[in-house]
Amino acid sequence: MLIHFFLEVFKRRESGARLCGSPAGIRTPVAGSKASRKSHHLFNKTLTEPLLEEATIAPQSTFSVIGHVFHQGNKQEHYRSLLSVQNPNQYYVITEEDIDKLFLEFEAKGVTLAHKRSVEYIITMFLKEATKETQGKYIFTMKDLKDYLNTLRSTYSVSFYRKNITYLKKLFRIAGIELAESLKAPTEFNVDSTIVTVDDINQFIQLVDSLHISNHFEDQKRDQFVTAMLLMAVSGMRVSELERVPLKEIDFENRRIYLKTYQTKTRQTRVTFFTQEVQELLEDYIRTYNPNMNQPLATIPQMQRPFRRKSSLRNQKLRPKHMRKFFAQEWDRRNGNATIKKLLMGHSIRYDINALHYSHHTVDELQESYEKIFGDLRFLR
């Protein structure tokens, strides 16, 4: 199981061993983004050093909802009866079986490999930093949990902290730990209020072209990068979806992309479209470089790498994720239908009664609406 792999990874990091790459599904914030700059993959010293003075002095005020309660529940009582430690009633216990059941849930839901690896990383980090292993079980006290949560909250972004709370609650419920109902994720969000216009994207492309002219961007990498960015801008696809669609699955003739359940975030099939300009760029890229049609146009690392390595890109506001934001904003600026935008972008329609039950459209109808809004959209002059 990959939990053991990650635990071994952390042991090697502590010993100074060099590792290549990072777990799939964990987004490392690029420079200039609003996310926390502290890596999710390398443990900060704050995870092993004493906690911040504020958290140490007043942990109850920080996590008052947890409190000090006596352990209850037959499952936990049984676990603790098997421990050969001093004061076993002080401990909560997680077993390998509990962890296996957690991932069985994700297997049954058919989550993507990237999602699964993300959860594995979060659970492994908790086991490594907040528990100790004894007799094949992972044990922790109330104080261990509080200290760990305080450190997470002061070290990482709000979104990453929320993910930790979500998956720890799931694990605790499986293990029969009553604290699952006491853990509350913060409600605040770091909203990215970036406004993206056609001019912004044009200026971005000019910057990439200047790097290309000065030999800081190879021909193929430049064409791949620009084409991928514009494809996301006119289709509303997520970066993760772009990575999951092989070139051979793009309908170049009709300018359509059919996304399957395993390729989307919401697990809903959908269709989206692209403009004639992007169609020409795609066909030119394939004709010029003859890429492997079984592979996507670009992967997430290929899209993120230029922002880390090129200072001029690192210091401007646009990132691959902003191409999808542009699609939504430009659609609204052009007075496009809100329900159709939601369908094209793959927003969840679980609680949208109109979109879920009534506002159904054929592919031709969707494309007709798309052409009315984005038919004349062009970036390259």
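Residues numbered from 1 in each chain as written. Predicted model: local features only at pLDDT ≥ 70, side-chain atom pairs only at ≥ 80, totals over all residues. Heavy atoms only, no water.

### Looking at the packing of aromatic side chains
A complete count under the given rule lists 19 aromatic pairs for this structure. Centre to centre, the rings of Phe-327 and Trp-331 are 5.8 Å apart; their planes meet at 20 degrees, and the pair counts as stacked. Here Phe-327 and its partner Trp-331 are both found in helix α15 (residues 321–333), four residues apart, which amounts to about one turn of the helix. Under the relative-accessibility criterion, Phe-327 is labelled buried at 0%. Clustering of aromatic rings is evident, with ring pairs tying together Tyr-92, Phe-126, Phe-140, Tyr-148 and Phe-172. (Phe/Tyr/Trp six-rings, centres within 6.5 Å; stacked < 30°, edge-to-face > 60°. Helix = DSSP H or I, 4+ residues; strand = E, 2+ residues; numbered from the N terminus. Buried < 20%, exposed > 50% of the residue type's maximum accessible area, 1.4 Å probe, protein only.)

### Remarks on the packing of helix α6 (residues 113–130) against helix α8 (residues 158–175)
At a minimum axis distance of 10 Å, the contact between α6 and α8 shows a crossing angle of 80 degrees. With respect to their mutual orientation, α6 and α8 come out roughly perpendicular. Across the interface between the two elements, His-115, Val-119, Ile-122, Ile-123, Met-125 and Phe-126 from α6 touch Phe-160, Lys-163, Asn-164, Tyr-167, Leu-168, Leu-171 and Phe-172 from α8. Of the residues that constitute the contact of α6 with α8, the class distribution is 10 nonpolar, two polar and one charged. (Axes fitted to C-alpha atoms, helices over the stretch in contact; angles between N-to-C directions. Parallel < 35°, antiparallel > 145°, perpendicular 65-115°, else oblique. Contact = heavy atoms within 4.5 Å. Nonpolar A, V, L, I, M, F, W, Y, C, P; charged D, E, K, R; others polar.)

### A short note on the environment of Arg-333
In this fold, Arg-333 is placed in helix α15. The spacing of Arg-333 and Ile-373 is 40 residues in sequence and 9.6 Å in space, taken between C-alpha atoms. When residues no more than four places from it in sequence are discounted, the contact partners of Arg-333 are Ile-195, Val-196, Thr-197 and Phe-326. Among the polar contacts made by the side chain of Arg-333, one reaches the main-chain carbonyl oxygen of Val-196 at a distance of 2.6 Å. (Polar contact = N/O pair within 3.5 Å; in protein donor to acceptor, adjacent residues only side chain to side chain.)

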